[in-house]
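Each chain, written out:
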Amino acid sequence: MCLTSPDIITPHASVCPTGLCGPYRSSEWLGTMGSNTGTPTLTALLCLGLCWGPWNQVRAGVYSAPSLSAHPGPVVASGGNVSLSCSSESTLETLHLLKEGGADPPQHMELRTYRRRGQAVFPVGPVNTSHGGTYRCYGSPSSYPYAWSLPSDPLHLEVTGVYREPSLLAQPGSLVLSGDSLTLKCHSEAGFDRFALTKDEGLTPPERLHGQHSPDFPLGPVNHTHGRQYRCYNGHHLSYVWSAPSTPLDILIVGMYQKPSLLAQPGPSVSWGENVTLQCRSEIHLDTFHLSKEGSPAPPQHLRLQDTAAPFQANFTISPVTSDHEGTYRCYGSDSTSPYLLSLPSDPLELLVSATHPQDYTVENLIRMGVAAVILVVLGILLFQARHSPRGPQDAARR
């Protein structure tokens, strides 16, 4: 039975030349095997991959599969660099890296021991669109370099930054109560039929891209695991090439702690141009506070306390106040160790801005000055006409 793997990657379906098998002629191989019938033994050798020959005559599946990983991750920006690490626990001296569908021959590297595992690191970059695709690695012993192991699990290398970035919005908003539903909408230019959403973990690169044909990503009912920073990408079908990432969107899950209190100093009614401070205060130990205004598309403001001793309070100052600041405010608390998990909202605070704001008299003064100038011109014309008009009959008689 032939032991070759069905997943072997060879651009041609050729076999070793029948007249020459490595440094030995086929007759010498047969003699070694103690056979004088040639064909069955030679076929078995070919299936086992023990023939020496060009790389496209390799036979895989003889040894256990190595593992393949990407560092810092399988998603890399165009122009960046990535390392593909192939590791094996078997006694294989050489590791090979292949790209599915690639025109280039496989790369080979001698094994190096690292933490009791054999490892070879293949640098890739600066990355361009041709590097996107599926990679696998294999191992082989030095005594039979063309007898390869089973393939590693596939590694999909995604290249981003090739197209203009889309935008990412949250409906009904980025503040979501635990248990509610949420939809993330990815908007891009026309012509793209594949969209992807990534969830970042701090500075760790995105783990993977989830391509779909709809630009909407429904989430929910949400829980604490959905609180993260998200980005979206767009691309084309059956491609490993993506756009630049959207501006990051923070999804904040509400309801993890008891609610803080929100007060306005000096009060919730403020005159135009004055200053007001909104104080958010928590009874429990929370070191970060968030202030949101109902109906505002802007993300919540946030302040982190430098002094973590009680009282746990943050002051949001609005200066100077205008009519745009009028509205309903709520505040939330969170812990910096879990920045996307927020408390219940405070009771609403209605901020009122009085209409007794300073008037701008510039236009009115200009109108008054214009009217006065017109009056002066009219008076000047009347005086001129009165002085130079013909004298009446009574004046002529007097003469």
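Here the structure is a predicted model, which is why all the values come from computation and not from measurement. (Residues numbered from 1 in each chain as written. Predicted model: local features only at pLDDT ≥ 70, side-chain atom pairs only at ≥ 80, totals over all residues. Heavy atoms only, no water.)

**Q** Sorry if this is basic, but what is going on with the state of the cysteines here?
**A** By definition, a disulfide links the sulfur atoms of two cysteines through a covalent bond. As enumerated under the stated definition, the model contains three disulfides in all. Paired by a disulfide, cysteine 86 and cysteine 137 hold their sulfur atoms 2.1 Å apart. The sign of the S-S torsion, about 80°, decides the handedness of the disulfide formed by cysteine 86 and cysteine 137: right-handed. With a gap of 51 residues between them, cysteine 86 in strand E4 (residues 82–88) and cysteine 137 in strand E9 (residues 133–140) connect regions that are remote in the sequence. The exposure class of cysteine 86 is buried, given its relative accessible area of 0%. Covalent S-S linkage joins cysteine 280 and cysteine 331, the inter-sulfur distance amounting to 2.1 Å. Note on the cysteine 280 and cysteine 331 pair: the S-S dihedral is about 80°, so by sign convention the disulfide is right-handed. Taken as a pair, cysteine 280 in strand E23 (residues 276–282) and cysteine 331 in strand E27 (residues 327–335) lie far apart in primary sequence, 51 residues in all. Its relative accessible area of 0% is what places cysteine 280 among the buried residues. (Disulfide = S-S within 2.5 Å. Helix = DSSP H or I, 4+ residues; strand = E, 2+ residues; numbered from the N terminus. Buried < 20%, exposed > 50% of the residue type's maximum accessible area, 1.4 Å probe, protein only.)

**Q** Can you help me understand unusual backbone geometry in this one?
**A** Glycine aside, a negative phi is what most residues show, and trans is what most peptide bonds show. Here glutamine 171 and proline 172 are connected by a cis peptide whose omega angle stands at 10°. Tracing the sequence through the fold places proline 172 in the loop between strand E12 (167–171) and strand E13 (175–177). Despite not being glycine, leucine 238 has its phi angle at roughly 60°, a positive value. Mapped onto the fold, leucine 238 is located in the loop between strand E17 (229–235) and strand E18 (241–243).

**Q** Explain the packing of aromatic side chains to me, please; I cannot follow it from the model alone.
**A** Applying the stated rule across the entire model yields two aromatic pairs. Ring centres 5.2 Å apart and planes at 40° place the aromatic pair tyrosine 138 and tryptophan 148 in the tilted group. Placement of tyrosine 138 in strand E9 and of tryptophan 148 in strand E10 (residues 147–148) is noted, with a sequence separation of 10 residues between them. Across this residue pair, the class does not change: tyrosine 138 and tryptophan 148 are buried. (Phe/Tyr/Trp six-rings, centres within 6.5 Å; stacked < 30°, edge-to-face > 60°.)

**Q** Is there a simple way to explain the sheet that holds strand E21 (residues 261–265) in this structure?
**A** Paired through backbone hydrogen bonds, the strands of a sheet run either parallel or antiparallel to each other. Taken together, the three strands give an open sheet; going across it, the order is E21-E23-E26, and neighbouring strands pair in antiparallel fashion. Both outer strands of the open sheet, E21 and strand E26 (312–318), are each paired with one neighbouring strand and no more. Going from strand to strand, the sheet's axes swing by 20° on average, the running direction of each strand aside. Pairing analysis gives seven bridges linking E23 to E26, with the strands arranged antiparallel. Across the sheet, the residue bridging to glutamine 279 is asparagine 315, located in E26. (Pairing = 2+ DSSP bridges. Axes fitted to C-alpha atoms, helices over the stretch in contact; angles between N-to-C directions.)

**Q** Would you mind showing me how to read the environment of glycine 191 here?
**A** Its place among the elements puts glycine 191 in the loop between strand E14 (182–187) and strand E15 (194–200). Between the alpha carbons of glycine 191 and histidine 236 there is a distance of 8.3 Å; along the sequence they are 45 residues apart.

**Q** Before we go on, may I ask you to explain the side chain of aspartate 287 in this structure?
**A** Among the secondary structure elements, aspartate 287 is positioned in the loop between E23 and strand E24 (288–293). Arginine 304 is the oppositely charged side chain nearest to the buried, salt-bridge-free aspartate 287, at an N-O distance of 4.3 Å. In terms of polar contacts, aspartate 287 uses its side chain to reach the side chain of threonine 288, at 3.0 Å. Residue contacts for aspartate 287: discarding those within four places in its chain leaves Leu303, Arg304, Leu305, Thr308, Ser334, Asp335 and Ser336. (Lys, Arg positive; Asp, Glu negative; His and termini not counted. Salt bridge = Lys/Arg side-chain N within 4 Å of Asp/Glu carboxyl O. Polar contact = N/O pair within 3.5 Å; in protein donor to acceptor, adjacent residues only side chain to side chain. Contact = heavy atoms within 4.5 Å.)

**Q** Is there a simple way to explain the pairing of strand E2 (residues 67–71) in this structure?
**A** Residues Leu68 and Ala70 of E2 are buried on one face, while the alternating residues Ser67, Ser69 and His71, pointing to the opposite face, are not. As judged from the five bridges shared by E2 and E4, these two strands associate in the antiparallel manner. Bridging across to E4, histidine 71 finds its partner in serine 83.

**Q** Explanation requested: the nonpolar core in the structure shown.
**A** The biggest cluster of nonpolar side chains holds 20 residues, and the ones touching the most others in it are Leu262, Val276, Leu278 and Phe289. When residues in this core are grouped by element, the largest group, four residues, is from E26. (Core = buried A, V, L, I, M, F, W, Y, C linked by side-chain atoms within 4.5 Å.)

Remember that the coordinates give geometry; whether it matters functionally is a separate question.
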